[in-house]
Amino acid sequence: MKLYFVRHGLAGQSEDYLNDRERPLTEEGKAKTAKVAQRLGQLGVKFDLILTSPLVRAVQTAEILQKAGLSSKIEQFNPLSPNGNIQDWVQWWQKSDYQREENAIALVGHEPDLGYWTEMLVWGKFQGKLSVKKAGIIGLEVPNQENPLGKCQLFWLTAPKLLL
């Protein structure tokens, strides 16, 4: 299975919002994320499912990916909120119908969590070396095994400027 980590696009300044969960994408963030989504479509990227953090900026990013035709399905997934636990995703994945090799899933979330989750899936431990730029993407090959931690292979690490 292919697993894509997508960081939300450029969002408003946190100090401008009483509740960080409600911080939306800026107009620039929406435009750049739409361009990235369009380019992904041109490259033939499609998702069987987009799981997104419930925070507004992540949901908006997922909706932009959907509008670009990259997936017809979006589901909010609370563990993708800041400080979410990768074990919750592993348990979800183990019970899901998306383990097949031909499937692709996008996880839309936040830093530093996306980098942390990537490191856990690739190396089996956190090293603090990977980060995802806003509207950036990491792609992993996930083997069809009971526990994917430390067994995945990185195949894509792209800053958004390379897709614009």
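Residues numbered from 1 in each chain as written. Predicted model: local features only at pLDDT ≥ 70, side-chain atom pairs only at ≥ 80, totals over all residues. Heavy atoms only, no water.

- In the annotation of an unreviewed UniProt entry, the entry for the protein reads Putative enzyme, and the organism field reads Microcystis aeruginosa PCC 9808.

**Focus on the overall build of the protein**
Part 1 of the argument: Helix and strand content of the protein: four helices and six strands.
Part 2 of the argument: Taken from N to C terminus, the helices and strands of the protein fall in the order β-α-β-α-β-α-β-α-β-β.
Part 3 of the argument: Projecting the C-alpha coordinates of the protein onto the three principal axes gives extents of approximately 40 × 35 × 25 Å.
Part 4 of the argument: Among the 164 residues that make up the protein, the fraction classed as buried is 50%. (Helix = DSSP H or I, 4+ residues; strand = E, 2+ residues; numbered from the N terminus. Buried < 20%, exposed > 50% of the residue type's maximum accessible area, 1.4 Å probe, protein only.)

**Thoughts on unusual backbone geometry**
Part 1 of the argument: Cis geometry marks the peptide bond from E111 to P112, where omega comes out at 10 degrees.
Part 2 of the argument: Relative to the elements of secondary structure, P112 occurs in the loop between β4 (104-109) and α4 (113-123).
Part 3 of the argument: The phi dihedral of A135 is positive, around 70 degrees, even though this residue is not glycine.
Part 4 of the argument: Along the polypeptide, A135 turns up in the loop between α4 and β5 (137-141).

**Topic: the nonpolar core**
Part 1 of the argument: Core analysis: the largest hydrophobic core is formed by 25 residues, its most contacted members being M1, L3, F5, W89, L107, L121 and L140.
Part 2 of the argument: Counting residues per element, this core draws most heavily on α4, at five residues.
Part 3 of the argument: Leaving out residues up to four positions away in the same chain, M1 has contacts with W89, W93, Y98, Q99, R100, E101, N103, I105, L140, E141 and V142.
Part 4 of the argument: Membership of the second largest hydrophobic core comes to 21 residues, among which are Y4, A58, A62 and L163. (Core = buried A, V, L, I, M, F, W, Y, C linked by side-chain atoms within 4.5 Å. Contact = heavy atoms within 4.5 Å.)

**Observations concerning the packing of helix α1 (residues 27-42) against helix α2 (residues 56-67)**
Part 1 of the argument: Taken N-terminus to C-terminus, the directions of α1 and α2 make an angle of 40 degrees; their axes are 9 Å apart at the nearest point. The orientation of α1 relative to α2 falls into the category oblique. By crossing handedness, the relation of α1 to α2 is classed as right-handed. Note on element contacts: α2 touches α1 through Q60, T61, I64 and L65, opposite K30, T33, A34, A37 and L40.
Part 2 of the argument: Tallied by class, residues from the contact of α1 with α2 come to five nonpolar, three polar and one charged. (Axes fitted to C-alpha atoms, helices over the stretch in contact; angles between N-to-C directions. Parallel < 35°, antiparallel > 145°, perpendicular 65-115°, else oblique. Left-handed = near helix turned anticlockwise from the far one by under 90°. Nonpolar A, V, L, I, M, F, W, Y, C, P; charged D, E, K, R; others polar.)

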